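# Chain and residue survey
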Amino acid sequence: MRKTAVVTAGTAGIGLETALGLAAEGFSVTVVGRDADRGARAVERIGAAYPAHPGRFLSADLSSLDEVRRLARRIAADHADPERPLTVLVNNVGAMFPRRRVVDGVEASFVVNHLSPYLLTELLLPTLKAGAPSRIVNVTSGAVGVAKRVFDEVEPPGGYYGFHWYGRAKLAHLAYTLDLAARLDGTGVSVFAADPGGAATDMTNGTLTDPKIVSPALRLLWPLVRRKFARSTSGSASVAARPSVAAATDKALSGRTGIVIGARARPEAPFRAATDPRLAESVRRLSERHAPITAVRSDDRPT
């Protein structure tokens, strides 16, 4: 039986390094991204490094929930064969926007960093259960510490500040991750969060130099915070990918769930606010309202 994995935003940076790490562990990896050229280069790199486990690319714009649904149908169909189960899903997708954007009528940061991976995960749960023992790995961020913790609506009141909105969406997803782990306990599907710690990527390069991405209260201190963050993101993407690879493959985690794998690729205590069941319930209601779940049939074939 083949070990298979799907890595979203897997055509470059931390996502590609995660895919390479999984291929090194014997997985056949599908990388998901928007750009076909980058996808082709990623597949070529995986195949060159691990010819016994060539990669595959699927195109999807994960800022569109309709695209997420289409992707889920494709993945479910591809893994309907019991001899080719889906055993690992790594939700690596993430984005920080210096200016407010809206996609499908919803603020973009919340869509990309939470609703998109939430919807993909929920739609693929039957496929992951069929492939159990299987694992879900959701990439988190230290930015959860600057997040507003109210989730009655997608956007909290006040002005838009990209770093805080990114952290808030990541907090929503971390709370969802821990809640999902409890919900799936005993099903054979383990759920982990992985904190890459930081690396210089397309998302961080340039974005963090704009002081308007943080609230006025933090703006005076932002040069100091940014320098500290820059030091933490000076590592390579391959190092930042280690927590995700460990969460997906470490045999010591077999039978365990609801664990955060920190930047040193070891378990660590989760951010306390994410463990609040009231916050998780608010996130659940908000997610169901903006990304309703409809069943994905494994016999659906892409057109």
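The paragraphs below set out a description of the structure included in this document. (Residues numbered from 1 in each chain as written. Predicted model: local features only at pLDDT ≥ 70, side-chain atom pairs only at ≥ 80, totals over all residues. Heavy atoms only, no water.)

## Quick look at the overall build of the protein chain
Keep this limit in mind: Numbering of helices and strands runs from the N terminus; a helix is a DSSP stretch of H or I covering at least four residues, while a strand is a stretch of E covering at least two. With a 1.4 Å probe rolled over the protein chains alone, any residue whose accessible area is under 20% of its type maximum counts as buried; one over 50% counts as exposed, and the rest are partly exposed. We call two residues contacting when some pair of their heavy atoms lies within 4.5 Å. Here the accessible surface of atoms and residues is derived via Shrake-Rupley with a 1.4 Å probe, and residues count as covered only by protein chains that are part of the display.
Per the secondary structure count, the protein chain includes ten helices and ten strands. Looking at the 303 residues of the protein chain, the share that counts as buried comes to 54%. Intrachain contacts of the protein chain at a sequence separation of at least 6 include 74% that bridge at least 24 residues. Summed over its atoms, the accessible surface of the protein chain is roughly 13,500 Å², and 52% of this surface lies on carbon and sulfur atoms.

## Structural notes on the pattern of salt bridges
What counts here: A pairing counts as a salt bridge when a side-chain nitrogen of Lys or Arg comes within 4 Å of a carboxyl oxygen of Asp or Glu.
According to the stated counting rule, one finds twelve salt bridges in the structure shown. A salt bridge links E153 to R289, with the shortest nitrogen-to-oxygen separation between them at 3.3 Å. Here E153, found in the loop between β7 (134–139) and α5 (162–184), pairs with R289, found in helix α10 (residues 277–290); they are 136 residues apart in sequence, far enough to count as distant. By relative accessible area, which is 44% here, E153 ends up partly exposed. The partner of R284 in a salt bridge is E281, with the nearest N and O atoms 2.0 Å apart. Of this pair, R284 and E281 both sit in helix α10, three residues apart, roughly one helical turn. Using a relative accessible area of 28% as the deciding quantity, one classes R284 as partly exposed. Judged by its relative accessible area of 30%, E281 falls in the partly exposed class.

## Regarding the side chain of S190
Inspection of the secondary structure assignment puts S190 in strand β8 (residues 189–194). Look past the residues within four positions of S190 in its chain and what remains in contact with it is S134, R135, I136, R256 and T257.

## Structural notes on the pairing of strand β1 (residues 4–8)
For the record, the criterion: Two strands are counted as paired when DSSP detects at least two bridges linking them.
Within β1, five of the five residues are buried, which leaves it mostly tucked inside the rest of the structure. Residues T4, V6 and T8 of β1 are buried on one face, and the alternating residues A5 and V7, pointing to the opposite face, are buried as well. Pairing of β1 with strand β2 (residues 28–33) involves five bridges; the strand directions are parallel. The residue of β2 that forms the bridge with T4 is S28. Where β1 meets strand β4 (residues 88–91), three bridges bridge the pair, whose relative direction is parallel. When the bridges of β4 are listed, A5 appears paired with V88.

## A word on the sheet that holds β1
Pairing is mixed in the open sheet, where eight strands are placed in the order β3-β2-β1-β4-β7-β8-β9-β10. Two strands in the sheet have a free side with no partner beyond their single neighbour: β3 (56–59) and β10 (267–268). Both β2 and β3 contribute to a ladder of four bridges, which runs parallel. From the neighbouring strand, T30 faces β3, where its bridge partner is R56.

## Some remarks on α10
Worth spelling out the cut-off: Each residue after the first adds 1.5 Å to the expected span of a helix. What the arc describes is the spread of directions from the helix axis to the C-beta atoms.
In this model, α10 (14 residues) spans 20 Å end to end at C-alpha, consistent with the 20 Å of a helix rising 1.5 Å per residue. Among the residues making up α10, those that are buried are L279, A280, S282, V283, L286 and S287. Along the axis of α10, the buried residues cluster in a sector spanning 160°; they form a single face. Pointing more than 90 degrees away from the buried face of α10 are the exposed residues P277 and R278. Those residues of α10 hidden inside the fold are in contact with α4 (108–130) and α5.

## Describing the packing of aromatic side chains
In plain terms, the rule: Only Phe, Tyr and Trp rings take part, Trp by its six-membered ring, and two of them pair if their centres are within 6.5 Å. Stacked means planes under 30 degrees apart, edge-to-face means over 60, and tilted covers everything else.
With the rule as written, the count across this model stands at three aromatic pairs. The interplanar angle of 80° and the centroid separation of 6.3 Å between the aromatic rings of Y161 and W165 together place this pair among those described as edge-to-face. Here the two residues Y161 and W165 agree in accessibility, since each one is buried. One aromatic cluster is present, built from ring pairs that chain together Y160, Y161 and W165.

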